[in-house]
Amino acid sequence: MKSGLKYTTFSSEKSINELLFNISIWNSEFEFIEIELSFLKHLIKTYPFQVSIPNLFERLQLFILDLDNLEEDQVSIIQNLSIQKNQLKNKSIKEDFNYDTFNLKDYDNLTEEIFNYLVEYKKIKIKIYQYINGLIK
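Residues numbered from 1 in each chain as written. Predicted model: local features only at pLDDT ≥ 70, side-chain atom pairs only at ≥ 80, totals over all residues. Heavy atoms only, no water.

Provide a residue-level description of the nonpolar core, including the pertinent values.
Membership of the largest hydrophobic core comes to 31 residues, with the highest contact counts inside it found for Phe-30, Ile-44, Leu-67, Leu-81, Ile-114, Tyr-117 and Ile-128. Ranked by the residues each element gives to this core, the list is headed by helix α3 (residues 104-135), at 12 residues. Here Leu-67 is in contact with Leu-37, Leu-40, Lys-41, Ile-44, Ile-124 and Ile-128, once residues within four sequence places are set aside. (Core = buried A, V, L, I, M, F, W, Y, C linked by side-chain atoms within 4.5 Å. Buried < 20%, exposed > 50% of the residue type's maximum accessible area, 1.4 Å probe, protein only. Helix = DSSP H or I, 4+ residues; strand = E, 2+ residues; numbered from the N terminus. Contact = heavy atoms within 4.5 Å.)

Here's what the structure looks like:
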C-alpha cells in the first residue's frame, strides 16, 4: 500500500464536545486494534504454515517485531489520549472552554501521531496479509 496521505489540520475552532468525541472514537479504534494485534501475533506464532518455505521463520519473527512495536506505540498513544481527555473534562467542569486556556497544539500533535500510527498499522497489516495469503494458497 503506497499511501500518499499526509496529516493536515483543517480547523482550529472545535468545540470541547467535538474534541472529546474524537478521543472517544480513537479509544474505540485502539480497543479494536489491541484485539487485532493480539490475534495476528497468535496466528503468526502458531505457525499454521508449511515449514518448508524458505526464510519462513525469519519473516515471521520480523512480523512479530513489527507488531510488538505497534503495541508499544499504541500504549503510548492511549496514555496521551487519556491525558488529553482528562484535561478537556477538567476544563469543561471548571470553566467555559476557550482556546486561550487549552493547548490545541498538543491535541493537534496527538491527532497527527494517531493518523501516522494508523497509516503504519495498515501498511504492516497489508504486508502480513499478503505474505500469509501467499503461504496458504
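Describe the packing of aromatic side chains, naming the residues involved and giving the relevant values.
For the structure shown, the criterion picks out 4 aromatic pairs. Seen in terms of ring centroids, Trp-26 and Tyr-107 are 5.9 Å apart; in terms of plane orientation they differ by 40°. Their pairing is tilted. With Trp-26 in helix α1 (residues 16-45) and Tyr-107 in helix α3, this pair connects stretches of sequence that are 81 residues apart. We note that Trp-26, like Tyr-107, is buried. (Phe/Tyr/Trp six-rings, centres within 6.5 Å; stacked < 30°, edge-to-face > 60°.)

Residue-level account of the pattern of salt bridges, with values.
Counting across every chain of the model gives 4 salt bridges. Of the charged contacts in the structure, one is a salt bridge between Asp-68 and Lys-41, with a shortest N-O distance of 2.5 Å. Taken as a pair, Asp-68 in helix α2 (residues 56-94) and Lys-41 in helix α1 lie far apart in primary sequence, 27 residues in all. Its relative accessible area of 25% is what places Asp-68 among the partly exposed residues. The buried category is assigned to Lys-41, whose relative accessible area is 13%. With a closest N to O distance of 3.9 Å, Lys-127 and Asp-66 form a salt bridge. Here the residue Lys-127 occupies a position in helix α3, and Asp-66 occupies one in helix α2, the gap between them amounting to 61 residues. (Salt bridge = Lys/Arg side-chain N within 4 Å of Asp/Glu carboxyl O.)

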